[in-house]
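Below are the chains, spelled out letter by letter.
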Amino acid sequence: MPSLTLPYIPHYVAAPPSKETLEYADLAIIDISKADTEEGQAALAIEVREALLNHGFFYVVNHGYSQDQTDRIFDIADLPFSVVSDSEKQIYAGTMKQSGSYQGYKLRQYWHIDAGVRDQLEHYNINRDVTKRGHPETLRPLLPELKEFSKYNHFNVLHPVLRLIARSLELPEDTLVNNHDYDAIGETYVRFMKYYPRTEEEEVKTKNVWLKGHTDFGSITILWSQPVAGLQILTREGKWRWVRHIENALVVNTGDALDFLTGGYYKGTIHRVVKPPEDQQNYTRLGVFYFVMPNDDVKLVPMAESPVMQRAGIHRRCDDSEAPTMEQWRKARTSAYGQSELENSKEKGVEQEIINGVLVKHYN
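By convention here, each chain's residues receive numbers from 1 onward along its written sequence. Predicted model: local features are reported for residues with pLDDT of at least 70 only, side-chain atom pairs are reported and counted for 80 or more only, and whole-chain, interface and lining totals are derived from all residues. Hydrogens and water are ignored here; the side-chain numbers use all heavy atoms of the structure.

Asks: Can you lay out the overall build of the protein for me, pointing to particular residues and giving the numbers?
Replies: The secondary structure content of the protein amounts to nine helices and 17 strands. The globule rule puts the C-alpha radius of gyration for 364 residues at 21 Å, and the 20 Å found for the protein is close to it. Burial classes: relative accessible area under 20% of the type maximum marks a residue as buried, over 50% as exposed, and values in between as partly exposed (1.4 Å probe, protein chains only). Across the 364 residues that make up the protein, the buried fraction comes to 59%. Should any heavy atoms of two residues lie within 4.5 Å, those residues are counted as being in contact. Summarising the internal contacts of the protein: among those between residues at least 6 apart in sequence, 76% fall at separations of at least 24. Using the Shrake-Rupley algorithm and a 1.4 Å probe, accessible areas are obtained, with residue cover drawn only from the displayed protein chains. When the accessible area of the protein is evaluated, it comes to approximately 15900 Å², of which 49% is carbon and sulfur surface. For the charge count, each Lys or Arg is scored as positive and each Asp or Glu as negative, with His and the chain ends excluded. Here the site of a charge means atom NZ of a Lys, CZ of an Arg, CG of an Asp or CD of a Glu. Put simply, the protein has 41 plus and 51 minus side-chain charges, and the middle of one group is 4 Å from the middle of the other. Going along the chain from the N terminus, every DSSP run of H or I of four or more residues is numbered as a helix, and every run of E of two or more is numbered as a strand. What the globule rule says is 2.2 Å times the number of residues to the power 0.38, and the radius of gyration is computed from C-alpha atoms.

Asks: Now, about the packing of helix 1 (residues 38-54) against helix 5 (residues 143-168): what can you tell me, with residues and values included?
Replies: A fitted line through C-alpha atoms represents every axis, and for helices the fit uses only the stretch in contact; the resulting angles, taken between N-to-C directions, go from 0 to 180 degrees. Contact pair helix 1 / helix 5: the axes reach a minimum separation of 8 Å and the direction vectors enclose 80°. One way to sum up the angle between helix 1 and helix 5 is to call them roughly perpendicular. Contacts between helix 1 and helix 5 involve Glu-38, Gln-41, Ala-42, Leu-44, Ala-45, Val-48, Arg-49 and Leu-52 from the first element and Leu-164, Ile-165, Arg-167 and Ser-168 from the second. Asp, Glu, Lys and Arg are counted as charged, while Ala, Val, Leu, Ile, Met, Phe, Trp, Tyr, Cys and Pro are counted as nonpolar; the rest, among them Gly, fall into the polar class. Class assignment for the residues of the contact of helix 1 with helix 5 results in seven nonpolar, two polar and three charged. Angular relationships are summarised with four words: roughly parallel below 35 degrees, roughly antiparallel beyond 145, roughly perpendicular across 65 to 115, and oblique for the angles in between.

Asks: Talk me through the nonpolar core; I want residue IDs and the actual numbers.
Replies: Grouped together as the largest cluster of nonpolar side chains are 101 residues, with contacts concentrated most on Phe-58, Ile-165, Leu-169, Phe-192, Ile-220, Ile-222 and Trp-329. Counting residues per element, this core draws most heavily on helix 5, at eleven residues. Not counting residues within four places of it along the chain, the set of residues in contact with Ile-220 comprises Leu-158, Val-161, Ile-165, Val-252, Asn-253, Thr-254, Leu-258, Tyr-290, Phe-291 and Val-292. In this structure, Leu-22, Val-209, Ala-229 and Trp-242 belong to the second largest nonpolar core, which totals five residues. Think of a nonpolar core as a cluster: buried Ala, Val, Leu, Ile, Met, Phe, Trp, Tyr and Cys residues, connected wherever their side-chain atoms sit within 4.5 Å.

Asks: Explain the sheet that holds strand 3 (residues 104-106) to me, using residue names and the numbers behind them.
Replies: Criterion used throughout: strands pair if DSSP finds at least two bridges between them. Taken in spatial order, the eight strands line up as 1-2-12-9-14-7-6-3 in an open sheet, and their pairing is mixed. One side of each edge strand has no neighbouring strand; the edge strands of this open sheet are strand 1 (28-31) and strand 3. Strand-to-strand twist across the sheet, computed as the mean angle between neighbouring axes with direction ignored, equals 25°. Summarising the sheet, strand 1 and strand 2 (residues 57-61) pair through four bridges and their orientation is parallel. From the neighbouring strand, Asp-31 faces strand 2, where its bridge partner is Val-61.

Asks: Tell me about the pairing of strand 2, and name the residues and values.
Replies: With respect to burial, strand 2 is a largely interior element, five of its five residues being buried. Residues of strand 2 alternate between two faces, with Phe-57, Tyr-59 and Val-61 on one and Phe-58 and Val-60 on the opposite face, all of them buried. Each parallel crossover has a hand, and the one from strand 1 via helix 1 to strand 2 is right-handed. Relative to strand 12 (residues 250-254), strand 2 runs antiparallel, the two being bridged by four bridges. Note on strand 12: the bridge partner recorded for Phe-58 is Val-252. Here, the term right-handed applies to a crossover whose path from the first strand over the helix to the second runs clockwise when the strands point away from the viewer.

Asks: Give me the lowdown on the packing of aromatic side chains, citing residues and values where you can.
Replies: Pairing of aromatic side chains requires ring centres within 6.5 Å, counting the rings of Phe and Tyr and the six-membered ring of Trp. Pairs whose planes differ by under 30 degrees are stacked, by over 60 edge-to-face, and all others tilted. Applying the stated criterion to the full structure yields twelve aromatic pairs. Each ring, one from Phe-289 and one from Phe-291, has its centre 5.3 Å from the other, and the planes form 20°; the classification is stacked. Note on Phe-291: relative accessible area 11%, which makes it buried. Cluster of aromatic residues (ring-pair linked, three or more members): Tyr-65, Phe-149, Tyr-152 and Trp-224. Taking NZ or CZ as reference, Arg-244 lies 3.9 Å from the ring centre of Tyr-24, over its face. Note on geometry: a ring has a charge over it if NZ (lysine) or CZ (arginine) is within 6 Å of the ring centre and within 35 degrees of the ring normal. Lying over the aromatic face of Trp-240, Arg-272 brings its terminal NZ or CZ to 4.1 Å of the ring centre.

Asks: Mind laying out the side chain of Asn-127, listing which residues take part and the relevant values?
Replies: With respect to the helices, strands and loops of the structure, Asn-127 is situated in strand 6 (residues 121-127). Note on Asn-127: relative accessible area 4%, which makes it buried. Whenever a nitrogen or oxygen atom comes within 3.5 Å of another N or O atom, the pair is scored as a polar contact, on the condition that within protein one atom can donate a hydrogen and the other can accept it, and that pairs from neighbouring residues in sequence are kept only if both atoms are in side chains. A polar atom in the side chain of Asn-127 sits 3.3 Å from the backbone oxygen of Gly-186. If sequence neighbours within four positions are ignored, Asn-127 has contacts with Gln-103, Lys-132, Gly-186, Glu-187, Thr-188 and Tyr-189.

See the structure below:
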C-alpha cells in the first residue's frame, strides 16, 4: 500500500516491547496463508476449533500485509488523536447513548470505570463505508487508504477465518460469510484507540484496571498487535493472563454474536485492559482494530443445523422467539456500556446488567 504517491504523514514511533517477566496466555498461532488449499483449510479448521474452545483468542500470521503497510496504518491511526484539535474532535464526537452507534469519536472520560474514576482513552471509529459520515480534515485525504484497509480486513482476514469457523462446525463454508456481507447494512468498522497514562490515585481506586473484563458484542474482533502490554484474557481456569505482542501478527477473539449463533459452543471470551508493566508506563498505547458484526438484520439464533453443535448440545441465551437481531443487540450494548448502573453478582468480582432480556456480566 505505501508508495511515493501517498500523502505524507508523521511517523508514529511505537514503544519498545516490555522486558518484564509476565504470565502470558499460550495462544495458538494460525498461519492463514495455508487456507489457500483444501488440505490446509481442513487442518486449520481443527486448529481454530481448538483455539476457540481453549481460549477464544488466537493469533493470525502471514495475512499478506507487510510490516511497512502495518506501520503506515499505525501512522494513520495516531492522527485522530495527535493532530486533530479538541474543538474539531467535538464536532465529530459520536452519540453512543442516543444512537447506539460508535461512529466518530468516543472522547476521554465518557465511560465510568470504577470508584468514581472515568476512562482515559479515546477512540475514533470509521464504518467500512467511509462515506457514511464526515471526518476530521486531516483524515480526508487518507480515506481511500482507510477504505482499502477495511476491505483487506474483511476479505483477506475475516472471510477466511469465518470459513474456517464454519468448517469447524461442519457447516457449508460460506454459512457465516453470507451473513457478514461487506455491502450489507451493518456496523462493522475500523477503530483507532489510544490509552493515556493515568494518575496514581486513579490506579489505586481501580486496582490498576483500565477497562473492566467484558466480552465484545460482535462476532469476532481483529486486533493488529502492538507492543504496549495491557490486554489480558480470563482463562477457563479463572486466571488473568497477558496477551503477548507478536510483530505484524493479528489477535483474533470471539464475541457475543458468535456465542449466540453457535449456541454457546464458541463463547465470547472475557478480556480486560490493565496498567502496562513498569517499563512501559510512560507510553501511550495505540490500537488498531476491525470490529466485526453480522449484518444488522441477522437474528441471533443458534445455527442448529450444525452437527457439531447438535452433538455438544445447544445452549440458548434466550428463547429463539425473543432473540435480538444484530442491530438490536449492538445498539443496546453500545448505549449501555460505561453508562448504566451495574448490579453486584453472586460471583465474586462480577457485576451484571440485563440487556434485551439477556444477562451481561462485567468482571472487575
